[in-house]
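Examining the three-dimensional arrangement
Chain by chain, the residues:
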Amino acid sequence: MSKWKVDKAMALWGILFGIVATIGGLLFFGAIKGGFIAEGFFLIVISWVLVLLLFAKLVTAIKNRGKPKKKDDWE
């Protein structure tokens, strides 16, 4: 039987996303009063994705600060 190989960074990002999504969902759903719940949920999901994407970009920028850029690096 083969062992599973887990990328620790991806596991950490997944756990972080789960925590932020749960806490954010509780706070946002508590703030939504009336209206169409699906619209609020859509905005919440978009905000989770954007906030975590910006945080990941910030972490990457800080980690790569001072390192020379390679030709094949993604911008």
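Rules of the game
Residues numbered from 1 in each chain as written. Predicted model: local features only at pLDDT ≥ 70, side-chain atom pairs only at ≥ 80, totals over all residues. Heavy atoms only, no water. Patch = residues over 30% accessible without salt bridge, like charges linked within 9 Å, V, L, I, M, F, W, Y side chains within 5 Å. Areas by Shrake-Rupley, 256 points an atom, 1.4 Å probe, with all protein chains shown as cover. Salt bridge = Lys/Arg side-chain N within 4 Å of Asp/Glu carboxyl O. Helix = DSSP H or I, 4+ residues; strand = E, 2+ residues; numbered from the N terminus. Buried < 20%, exposed > 50% of the residue type's maximum accessible area, 1.4 Å probe, protein only. Contact = heavy atoms within 4.5 Å.

Looking now at a nonpolar patch on the surface. A surface patch of nonpolar side chains, amounting to about 490 Å² of accessible area, comprises Phe42, Leu43, Ile46, Leu50 and Leu53. Note that Leu53 resides in helix α2 (residues 37–63). Among the residues examined, Leu53 registers a relative accessible area of 48% and is labelled partly exposed.

Along the chain, the position of Trp13 falls in helix α1 (residues 8–31). By relative accessible area, which is 26% here, Trp13 ends up partly exposed. Separated by 43 residues in the primary sequence, Trp13 and Ala56 place their C-alpha atoms 8.8 Å from one another. Look past the residues within four positions of Trp13 in its chain and what remains in contact with it is Leu52, Phe55, Ala56 and Val59.

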